[in-house]
Amino acid sequence: MSSYFRRQLADYVEYHRDPWNCAMHVFGIVFLFLAAILPLSLWPVTVFGIQTSAAVVAAMPVLVYWILLDFALGAGILAAAAVLLSTAAAIVGHVTTAGMWSLTAVLIVVGVACQII
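Residues numbered from 1 in each chain as written. Predicted model: local features only at pLDDT ≥ 70, side-chain atom pairs only at ≥ 80, totals over all residues. Heavy atoms only, no water.

For the chain, the helix and strand inventory stands at five helices and two strands. In sequence order, the chain lays out its α and β elements as α-α-β-β-α-α-α. Viewed in the frame of its principal axes, the chain has a C-alpha envelope of about 45 × 35 × 15 Å. Carbon and sulfur atoms form 75% of the exposed surface of the chain, whose accessible area is close to 7,600 Å². (Helix = DSSP H or I, 4+ residues; strand = E, 2+ residues; numbered from the N terminus. Areas by Shrake-Rupley, 256 points an atom, 1.4 Å probe, with all protein chains shown as cover.)

The residue F48 is not glycine, and still its phi comes out positive at about 55 degrees. By the element assignment, F48 lies in the loop between β1 (44–47) and β2 (50–53). Here F48 falls in the exposed class, since its relative accessible area comes to 83%. (Buried < 20%, exposed > 50% of the residue type's maximum accessible area, 1.4 Å probe, protein only.)

Moving on to the packing of helix α3 (residues 54–69) against helix α4 (residues 71–94). The contact between α3 and α4 brings their axes to 7 Å, and the two run at 160 degrees. Between α3 and α4, the angle falls in the class roughly antiparallel. Crossing handedness for the pair α3 and α4: right-handed. Only F71, L73, G74, A75, I77, L78, A81 and L85 of α4 make contact with α3, whose side of the interface consists of A55, V56, L63, W66, I67 and L69. (Axes fitted to C-alpha atoms, helices over the stretch in contact; angles between N-to-C directions. Parallel < 35°, antiparallel > 145°, perpendicular 65-115°, else oblique. Left-handed = near helix turned anticlockwise from the far one by under 90°. Contact = heavy atoms within 4.5 Å.)

This brings us to the layout of surface pockets. A water-sized probe rolled over the atoms picks out the places where empty space is left. There is about 720 Å³ of room inside the largest pocket. Taken together, 25 residues form the lining of the largest pocket, with H25, I29, W66, L73 and I77 sitting closest to its centre. Elements with a minimum of two residues in the lining of the largest pocket: α1 (3–15), α2 (19–40), α3 and α4. With eight residues, the top contributor of residues to the lining of the largest pocket is α3. (1 Å grid on protein atoms, 1.4 Å probe; cavity = no way out; pocket = protein on both sides within 12 Å on 5 of 7 lines; lining within 4 Å. Points joined across faces, edges and corners; volume = space filled by probe spheres on them.)

Moving on, we get to the nonpolar core. Across soluble globular proteins, nonpolar side chains have a tendency to be buried as a group. Ranked by size, the top nonpolar core spans twelve residues in total: L34, A35, I37, L38, A55, L84, L85, A88, I91, V92, M100 and L107. Within the residue set of this core, elements represented by two or more residues are α2, α4 and α5 (97–116). Per element, the largest residue contribution to this core is five residues, and it comes from α4. Those residues in contact with V92 that lie beyond four places of it in its chain are L38, S41, L42 and M100. (Core = buried A, V, L, I, M, F, W, Y, C linked by side-chain atoms within 4.5 Å.)

Before going further, it helps to spend a moment on the pairing of β1. Inspection of the sheet shows β1 paired to β2 by four bridges, in the antiparallel sense. Residue V45 lies in a different strand from β2, and its bridge partner there is T52. A loop of two residues connects β1 with β2, the two strands running antiparallel in sequence, and F48 in this loop sits at a positive phi of about 55 degrees. (Pairing = 2+ DSSP bridges.)

Moving on, we get to the confidence of the model for the chain. Chain-level statistics for the chain give a pLDDT mean of 90 and a share of 97% at 70 or above. Looking at the elements of the chain, mean pLDDT is at its lowest for α1, recorded as 76, and at its highest for α4, recorded as 95. (pLDDT = per-residue confidence, 0-100.)

By the secondary structure assignment, S41 is in the loop between α2 and β1. At 2.8 Å, the side chain of S41 forms a polar contact with the backbone oxygen of I37. Non-local contacts of S41, meaning those with residues more than four positions away in its chain, are made with S53, A55, A88, A89 and V92. (Polar contact = N/O pair within 3.5 Å; in protein donor to acceptor, adjacent residues only side chain to side chain.)

Spelled out as structure tokens, the structure:
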């Protein structure tokens, strides 16, 4: 782990000592990530002959960044992202476009509220 990342993590830990604050922050990030990838999951993309979605393509640089920053933490974030990307694909496959946009709006409002709380 780089010294820069250690300093950032120390600042984060200092600010987020309350367990309730930590839980709200985690849920808020999950809701906001899901809200961001839901609309992108509608757009099919072919990369190197592999059919995927724009959500996967958009998430890849961030996931690579976290893995390079700290492998163990990055691997955990990658696992969580895989679950959320799969969840988004399942949601998009089972709801109408209007339903997906409604869910996206709700996730944004709830995610931001969690961050504020």
